[in-house]
Amino acid sequence: MILEIRNLSASVEDKQILKDVNLKIGGGEIHALMGPNGAGKSTLGNVLIGHPDYKITGGQIILDGKDITYATPEERARAGLFLAFQSPVAVEGVRISTFLRIAYSHLHPDEKIVISEFNKRIKEAMKTVGLDESFISRSVNDGFSGGERKRFEILQMLILKPKMIILDEIDSGLDVDALRMVAEQLKKYFSKDVGYLIITHYQRILKDIEPQFVHVLVNGTIAINGDKSLSDKIEENGYDWLKEVA
Ligand code: ADP
Ligand code: MG
Ligand code: MG
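Calculation criteria
- Residues numbered from 1 in each chain as written.
- Chains lettered and ligands numbered in written order.
- Predicted model: local features only at pLDDT ≥ 70, side-chain atom pairs only at ≥ 80, totals over all residues.
- Pairing = 2+ DSSP bridges.
- Helix = DSSP H or I, 4+ residues; strand = E, 2+ residues; numbered from the N terminus.
- Axes fitted to C-alpha atoms, helices over the stretch in contact; angles between N-to-C directions.
- Contact = placed C-beta atoms within 7 Å.
- Parallel < 35°, antiparallel > 145°, perpendicular 65-115°, else oblique.
- Left-handed = near helix turned anticlockwise from the far one by under 90°.
- Nonpolar A, V, L, I, M, F, W, Y, C, P; charged D, E, K, R; others polar.

Draft legend 1. Representation of the sheet that holds strand β11 (residues 213-218) in the model. Read from one edge to the other, the open sheet built from six strands follows the order β6-β9-β10-β3-β11-β12, with strand pairing classed as mixed. Two strands lie at the open edges of the sheet, namely β6 (81-84) and β12 (221-226), each paired on one side alone. The mean inter-strand angle of the sheet, taken between neighbouring strand axes irrespective of direction, is 20 degrees. Where strand β9 (residues 164-168) and strand β10 (residues 195-199) come together, five bridges link them in parallel fashion. Paired with methionine 164 across the strands is glycine 195, a residue of β10. The strands touched by helix α8 (residues 228-237) within the sheet are β3 (30-34), β11 and β12, with β11 carrying the most contacts at an inclination of about 45 degrees.

As structure tokens, this is what we get:
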């Protein structure tokens, strides 16, 4: 699986946010996208999954050679793309079990789901991500703490089995144990068929799950590409030195 982002530009509410972003993420690759607040990191994630509030003003998104620039969110998900949201929203009245079953059946239409078995799978995954089994009958994110929402994002990944995974600040607001769990699950799920784009301000999570590639977004454009040493440099020096480069 290869995700190619070519000269991608996008606006929200008529404000140009992304300008000529280029990225290429292959299966078996871990990429980190860093950058200061407001740089456009979440915008990129939203544009990639086809969020309707974000308008593409130029460029292309190619997944495995197929142009998905204007594909619907459902088509992108079916093609294997997944975004763990920075701020997952509550969906009142929709149970986790129902939500996951519907999502799964859209992504894997040929598989017959036996509800009892599927729910068992969810409960096992809940144990893995540290959510109590009772969550299975709760509404999606409704009344969840910040940490519980992030755990539920990882649970969705484990159940839905996407291939190209964008994690938007999956580390923010997590305590040390939750962070360790997230890194552990990401490492366990990783394979030559899976690509990660880990969006983060901080270097902390990148110590547990080491990216081969680091990109820094400043002012809606990639200011610099590098390897792990680039994130170390940012930890030491912050982002200000890059604002002049961008
Ligand atoms: P980051 O994730 O890097 O902190 P964002 O992508 O969230 O940055 O935001 C980039 C810019 O786009 C900000 O100025 C933000 O206010 C604006 N923006 C993002 N989403 C929306 C939206 N839905 N409506 C209006 N402005 C938005
Ligand atoms: Mg932010
Ligand atoms: Mg963000």
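Draft legend 2. Representation of the packing of helix α4 (residues 115-129) against helix α5 (residues 146-160). Running from N to C, α4 and α5 cross one another at 135 degrees; their axes reach a closest spacing of 9 Å. The angle between the axes of α4 and α5 places the two elements in the oblique class. Where α4 crosses over α5, the handedness of that crossing is right-handed. Here α4 contributes Arg121, Ile122, Ala125, Met126, Thr128 and Val129 to the contact with α5, which in turn contributes Arg151, Ile154, Leu155, Leu158 and Ile159. In terms of residue class, the contact of α4 with α5 is made up of eight nonpolar, one polar and two charged.

Draft legend 3. Molecular detail of the packing of α5 against helix α6 (residues 176-189). α6 packs onto α5 with a crossing angle of 10 degrees between their chain directions and a minimal axis gap of 11 Å. In terms of orientation, α5 and α6 fall into the roughly parallel class. Residue-level contacts link Gly147, Lys150, Arg151, Ile154, Met157 and Leu158 of α5 to Ala178, Val182, Gln185 and Tyr189 of α6. Counted by class, the contact of α5 with α6 contains six nonpolar, two polar and two charged residues.

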